[in-house]
Amino acid sequence: MAYDRKLIRNFCIIAHIDHGKSTLADRMLELTDTVALRDMEAQLLDTMDIERERGITIKSSPVRMFYTHADGKRYMFNLIDTPGHVDFTYEVSRSLAACEGAVLVVDATQGIEAQTLANVYLALDNALEIVPVVNKIDLPSADPERTIHEIEDVIGFPAEDAPRISAKLGTNVADVLARVVELVPPPGGDRSAPLRALIFDSIYDNYKGVLCYVRIKEGSVRAGTRIRSMATGAEFDVTEVGVFMPQLRVTDSLEAGEVGYVAASIKTVSETKVGDTLTDVANPAREPLPGYKHINPMVFCGIYPADGADYENLKEALEKLALNDASLSYEPETSQALGFGFRCGFLGLLHMEIIQERLEREFDLDLVTTAPSVIYKVVRSNGAELSIDNPSNLPPAAEIDYMEEPMVNANVMTPSEYVGTIMELCQSRRGVFIDMKYIEEGRVNLRYELPLNEIIYDFFDQLKSKSRGYASFDYELKEYVRSDLVKLDFLLNGDLCDALSTIVHRDKAYAKGRAVAEKLQEVIPRQQFEIPIQAAIGGKIIARETVRAVRKDVLAKCYGGDITRKKKLLEKQKEGKKRMRQVGTVALPSEAFMSVLRIN
Amino acid sequence: MPGIYIHIPFCMAKCRYCDFASFADHADTEAYLAALETEMALCREALPQRLYDTVFLGGGTPSVLPEGAVSRVLEALTRKFRVTPDAEITLEANPGTLAADKLFEYRSAGVNRLSLGLQSANDRLLKKLGRIHTYAQFLESFRLARETGFDNVSADIMYGLPGQTPEDHLDTIEKLASLGPEHISAYSLILEENTPLYTDVTGGAQSLPDEDAAYEMHRQGIALLEARGYRRYEISNFARPGCESRHNLNYWNNGEYLGLGLNAHSALRIGEKWTRWSNTARLSDYIQACGSGERPFAGEPQAIPLAEEMFETVMLGLRKTEGVSDAAFRARFGRRMGEVFPKAIERLEKKGWLAEADGFFRLTAEGLDFQNLALLEMM
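Remember, it's a predicted structure, so these values are computed and weren't measured experimentally.

J.: How should the overall build of chain A be read in this particular structure?
T.: Within chain A one finds 14 helices and 32 strands. Of all 600 residues assigned to chain A, the portion counted as buried reaches 57%. A sequence separation of at least 24 residues applies to 69% of the contacts in chain A between residues at least 6 apart. Roughly 25000 Å² of accessible area belongs to chain A as shown, and the carbon and sulfur atoms make up 48% of that amount.

Encoded structure:
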């Protein structure tokens, strides 16, 4: 028996990192008795350790709750948690498309941030009803009235009635539930029309295969339905449908307006991409739901096991992660310096860091990663076009007519006192100023056009440190433009070390070459011979440093017979030696490869 | 024959480079000495009776103990353990803590070798290290030692000190050699984490000589010591012929020793098993364990597998300039060293780091400088 559609509310929560989204979700689960208090673990929806630690959501996890309103009726709430980072903008937009409303959480001590605004615009694009909420009123520095004015000024909708809450303490959270009932419209959609189900996420389950998280827009689906992906044409037999309580609970069917999961013995999440529409093979819809995009990775780097013997383990780990992450791409590559590894593609920097961290933590791997790269377009002298995401694959300069690099439009929101330093930062990253607008007194939105390759490593960290954590940042890919790019190489004792090569703008090549050479001189341990380090563009040496030969390496004394300590030191040295990479005659520690990144 | 090490964890002040178990607070001295005697009794019961031929009172600074304490410790020791009449009995002492009375006491208690901590003849450097004494006080201590009849005196010096030049180091050696101690230990300073000096250096308040300058001190220091009649018999140790430290040679021969006191280490063959253990490094734990009649272990004694025992023998033996005796190796393990480490020996000989002669495998002068790397080949 399908639930009365008028009593369904599908909504998500939009908030900046740390503004309290997950905490609010936890309180809602408690208030609706969805999760017994004793089962509560802080931030229940963020199931990965990394999510909890970083306070961000990577995978969206939906949950169904039942709420009895003041009108005496029992409402079904489907809360769809959304990823909270610019890397996952597309995923966010699909999650939003599964909802009719969005609870906008703004921290009363911080105000609106760049990323919040970006997500609010996405929500408005999807015609969602916005339910503003001002959080953290328990903090001494909270200024709820000012925050409400800011919401009204910046976003331009009334927020006077916004609940002032403390998600942490539970204060006024019940008001939020009431507002959801009152403001968010019930879902529409014809239950007898052909099936159209929007996939807004998917997850790999060891027993059931891929679970597609879906919002049924029209029609219905049940076990036994033969479904088709309208993006790929692949067909599957549905083995099970169900909902999130938040544990999986099997149901007879999912009807238009509802949110749930579909299992159909699907082997990898890449077969059921986010944004795809599922339809019924027996009674297919004519058109897919709008908005599907094939998402391509924007940032690439080489990932290698620190110990070459771990190659197979790394491969298995990547396979496992990819089961759950359709946007992670990887293919084998070989480096002379690093041996066998993988070229991996990511949606953005955070995505890259998360994958690296998960590989190291969940799979206990020691990794060496090369400097991240964007995709460059290369036009050869003969007119042929190439896309390059690995500097090693760049043709010789003589065969290149010109190159193009991707540019982004960036929004930086910051208190006005940091405008000067942030503009300096953007200029130093070859940024082109577009405009600056006051959001309110004391806060501005700076717009810059920036080359993607200038922001893929530490731009965000720099921005945070230069603004004492106050500035926020959001970007979107704009276009490719012609650029004077060169390949910067490093030679160690005369041998090219491919894993250190990067593509940089010519104006920055000299400074970067010098800085990296100096850093390498610091991190390469002295060996039994002198090691010249050279930075080169094409055949031309632009910087040189030298690692002097080591003179002695001996333990000074064995005191009082404490030889276990000496043995441990030797074992550590042996372990370190094993992890060194041989480039020609030179042994390189893992840090050497990171030194290309840690420059500034 | 096995040796005995006794740790005295008290100092006048903690040197800035020191990370050994030692304390400037002497409030627990009496409790510690009582615990030490208890530990002797516990070891006497637990271990088979052996004959020991060296005793080393180290620290810390044993010479800071109040009068009578060293006699008491050695008396307790000889009541519990058999020590040969001609045993080498060494006591570590620091200038600034010695007076004639104490030295007479040590002599009559059986101490026949003094190890004096000089470190440098340069007062400016001594101060930087946080040493409590001046060079003049060292001269006074040395004179007193000779006057009270110590005919076997060693002095420790260090190089690679903050602000030190090769000339400083050579000057220290020259001055020391002119006094004519029987034995000199010359150690390169090791910057240990969790020491004030480490903080000084990493924070930029002090800077160490660069590797090349430190190497010059090492190289020229060895040459000068040898020129003054001190034969290098171990990586950092030099002696007039016949005056080598028997206690320390026993370590380098991977011999047996019993360590008593805080954080003391032991290696003994128990039954058939080569066994190592160490005592806790926490003073309160040590005193409490002994007080309740328990051995103050830091962890369970470890039986060392044969392969490791062989490696230890090489690791320690190759510190000596005479090297590892193949006959001794075979007597201990039933196999020749060349059979156990054939590839490593071949590679090291090729590099010119190792040579075999007169039944010994020994590191060359260059090999001694790269002993760690040589050992890695054997691991």
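J.: What am I meant to see in empty space enclosed by the protein here?
T.: The rolling of a water-molecule-sized probe over the atoms marks out the regions of remaining empty space. Residues and elements named next belong to chain B. The tally for this structure, following the rule as stated, stands at 3 cavities of 30 Å³ or more. Of the volumes computed, that of the second largest cavity is approximately 100 Å³. As for the second largest cavity, its lining consists of 13 residues, and the residues nearest its centre are Tyr159, Ala186, His218, Ile235 and Ser236. When residues of the lining of the second largest cavity are traced back to their parent elements, those giving at least two are β6 (183–188) and α8 (211–227). Here the lining of the second largest cavity takes 3 residues from α8, the largest share from any one element. Grouping the constituent residues of the lining of the second largest cavity by class yields 7 nonpolar, 5 polar and 1 charged.

J.: What exactly am I supposed to notice about helix α16 (residues 371–378) of chain B here?
T.: Because an α-helix packs 3.6 residues into every turn, residues spaced three or four apart end up facing the same way. Where burial is concerned, most of α16(B) is hidden: 8 out of the 8 residues are buried. Regarding α16(B), the residues found buried are Gln371(B), Asn372(B), Leu373(B), Ala374(B), Leu375(B), Leu376(B), Glu377(B) and Met378(B).

J.: I tried to follow the pairing of strand β11 (residues 240–244) of chain A on my own but got confused; where do I start?
T.: Every other side chain in a regular strand lies on the same face of the sheet, so the side chains alternate between the two faces. In terms of residue burial, β11(A) counts as a mostly covered element, since 5 of its 5 residues are buried. Between β11(A) and strand β12 (residues 248–251) of chain A, which pair antiparallel and follow one another directly, the connecting turn spans 3 residues.

J.: When you look at the sheet that holds strand β2 (residues 62–68) of chain A in this model, what are you seeing that I'm missing?
T.: Strand pairing within a sheet occurs via backbone hydrogen bonds; the two strands may be parallel or antiparallel. All names here are of chain A. Taken in spatial order, the 5 strands make up an open sheet running β2-β3-β1-β4-β5, and their pairing is mixed. Because the sheet does not close on itself, it has two edges, and the strands there are β2 and β5 (129–135). On average, each strand axis in the sheet is tilted by 30° relative to the strand beside it, whichever way the strands run. Of the strand pairs in this sheet, strand β4 (residues 101–107) and β5 are connected by 7 bridges, and their pairing is parallel. Among the inter-strand pairings, Leu104 is bridged to a residue of β5, identified as Pro132.

J.: Looking at this structure, I do not really get the pattern of salt bridges. What am I missing?
T.: Oppositely charged side chains are able to pair whenever their charged atoms sit close together. Under the counting rule described, the total for this entry stands at 58 salt bridges over all chains. A salt bridge links Glu235(A) to Arg228(A); the nearest nitrogen and oxygen atoms lie 3.1 Å apart. A salt bridge links Glu333(A) to Arg343(A); its shortest N-O distance comes to 3.6 Å. Taken as a pair, Glu333(A) in strand β17 (residues 329–335) and Arg343(A) in strand β18 (residues 339–346) lie far apart in primary sequence, 10 residues in all. Here Glu333(A) falls in the buried class, since its relative accessible area comes to 13%. Using a relative accessible area of 7% as the deciding quantity, one classes Arg343(A) as buried. A network of salt bridges, in which partner residues are shared, links Arg526(A), Arg548(A), Arg551(A), Glu211(B), Asp212(B), Glu216(B) and Arg219(B).

J.: Explain the confidence of the model for chain B to me, please; I cannot follow it from the model alone.
T.: Low-pLDDT portions of the prediction should not be read for the details of their coordinates. Of all residues in chain B, 100% attain a pLDDT of 70 or more, and the chain-wide mean is 96. Among the prediction metrics, the complex's ipTM stands at 0.87, with pTM recorded as 0.68.

J.: What should I look at first to understand unusual backbone geometry in this one?
T.: The phi torsion of most residues other than glycine is negative, and most of the peptide bonds are trans. The peptide bond linking Gly59(B) to Gly60(B) adopts the cis configuration, its omega dihedral lying at 20°. Inspection of the secondary structure assignment puts Gly60(B) in the loop between β2 (51–59) and α2 (69–80). Phi angles above zero are rare outside glycine, and Asp33(A) is one such case at about 55°. Mapped onto the fold, Asp33(A) is located in the loop between α1 (21–31) and α2 (49–54). Residue classification places Asp33(A) among the exposed residues on the basis of a relative accessible area of 66%.

J.: Even after reading the chapter, I still don't get a nonpolar patch on the surface, so can you show me in this structure?
T.: On the surface, Phe433(A), Met436(A) and Tyr438(A) cluster together to form a nonpolar patch covering roughly 310 Å² of accessible area. In this structure, Tyr438(A) sits in strand β23 (residues 432–440).

J.: Hey, could you run me through the interface of chain A and chain B in this one?
T.: Reports often express the size of an interface as the amount of accessible area lost when the parts come together. Taken together, the contact pairs 26 residues of chain A with 41 residues of chain B. Of the roughly 3300 Å² buried between chain A and chain B, counting both surfaces, carbon and sulfur atoms make up 56%. For the interface between chain A and chain B, the tally reads 9 salt bridges. As a salt-bridge pair, Asp212(B) and Arg548(A) come within 2.9 Å of each other at their nearest N and O atoms.

J.: Just checking my understanding: could you explain helix α3 (residues 100–109) of chain B for this structure?
T.: Residues and elements named next belong to chain B. For α3, every residue scored as buried is listed here: Lys102, Leu103, Glu105 and Tyr106. Looking down the long axis of α3, one finds its buried residues gathered within 155° of arc, a one-sided arrangement. Relative to its buried face, α3 has exposed residues pointing more than 90 degrees away, namely Asp101 and Ser108. Those residues of α3 that are buried lie in contact with α2, β3 (82–93), β4 (113–119) and α5 (135–147).

J.: For this particular structure, what's the right way to read the packing of helix α14 (residues 342–351) of chain B against α16(B)?
T.: Packed helix pairs are characterised by how far apart their axes lie and by the angle those axes make with each other. Residues and elements named next belong to chain B. Contact geometry of α14 with α16 gives a least axis separation of 8 Å together with a crossing angle of 150°. Taken together, the axes of α14 and α16 lie roughly antiparallel to each other. α16 is crossed by α14, and the crossing has right-handed handedness. For the pair α14 and α16, contact is made by Ala344, Ile345, Arg347, Leu348 and Lys351 and by Ala374, Glu377 and Met378, respectively. Its residues assigned to classes, the contact of α14 with α16 comprises 5 nonpolar, no polar and 3 charged.

J.: Hey, could you run me through the pairing of strand β10 (residues 265–270) of chain B in this one?
T.: Residue and element names in this part refer to chain B. Bridge count between β10 and strand β11 (residues 273–278): 6 bridges; the pairing is antiparallel. Along β11, the bridge assignment pairs Ile270 with Lys273. Between β10 and β11, which follow one another and run antiparallel, lie 2 residues, and Gly271 among them has a positive phi close to 65°.

J.: Would you mind showing me how to read the side chain of Gln371(B) here?
T.: Looking at the secondary structure, you find Gln371(B) in helix α16. At 2.9 Å, the side chain of Gln371(B) and the backbone oxygen of Met315(B) are in polar contact. Once residues lying within four places of it in the same chain are set aside, the contact partners of Gln371(B) are Asp553(A), Val554(A), Ile235(B), Met315(B), Leu318(B), Arg319(B) and Leu363(B).

Calculation criteria
Within each chain, residue numbers correspond to sequence positions counted from 1 in written order. Just so you know, chain letters begin at A and ligand numbers begin at 1, following the order they were written in. Under the rules for a predicted model, residues below a pLDDT of 70 receive no local features and side-chain atom pairs below 80 are neither given nor counted, while totals for whole chains, interfaces and linings still include all residues. Where side-chain values are given, they derive from all heavy atoms of the structure, hydrogens and water being excluded. Here a strand is any run of E in DSSP of at least two residues, a helix any run of H or I of at least four, and the numbering for each starts at the N terminus. Per-residue accessibility, obtained with a 1.4 Å probe over protein chains only, is compared with the maximum for each type, and a residue is labelled buried under 20%, exposed over 50%, and partly exposed between these values. Contacts were defined at the residue level, with two residues in contact if any of their heavy atoms lie within 4.5 Å. With residues, only the protein chains shown are counted as cover, and all accessible areas are computed by Shrake-Rupley using a 1.4 Å probe. Only protein atoms enter the 1 Å grid used here. Points where a 1.4 Å probe fits but cannot escape make up a cavity, open sets with protein on both sides within 12 Å along at least five of seven lines make up a pocket, and a residue lines them when an atom lies within 4 Å of a point. Grid points are joined across faces, edges and corners, and a volume is the space filled by probe spheres set on the points. Basically, the charged four are Asp, Glu, Lys and Arg, the nonpolar ten are Ala, Val, Leu, Ile, Met, Phe, Trp, Tyr, Cys and Pro, and anything else, Gly included, counts as polar. Paired strands, as defined in this entry, are two strands with at least two bridges between them according to DSSP. Orientation is described by lines fitted to C-alpha atoms, with helices fitted over the stretch in contact, and by angles between N-to-C directions that extend from 0 to 180 degrees. Only one rule defines a salt bridge in this text: a Lys or Arg side-chain nitrogen within 4 Å of an Asp or Glu carboxyl oxygen. One number per residue, pLDDT, summarises how confident the predictor is, and it ranges from 0 to 100. Like charges within 9 Å and nonpolar side chains (Val, Leu, Ile, Met, Phe, Trp, Tyr) within 5 Å are joined into patches, using only residues over 30% in relative accessible area that form no salt bridge. By buried area we mean how much accessible surface two parts lose on assembly, using a 1.4 Å probe and totalling the loss over both. Directions from the helix axis toward the C-beta atoms define the arc. Roughly parallel covers angles under 35 degrees, roughly antiparallel covers those over 145, roughly perpendicular covers 65 to 115, and oblique covers all other angles. With the far helix as reference, a near helix turned anticlockwise by less than a right angle produces a left-handed crossing, and one turned clockwise produces a right-handed crossing. N or O atoms within 3.5 Å of each other form a polar contact, as long as, within protein, one can give a hydrogen and the other can take it, and as long as residues adjacent in sequence are counted only when both atoms are side-chain atoms.

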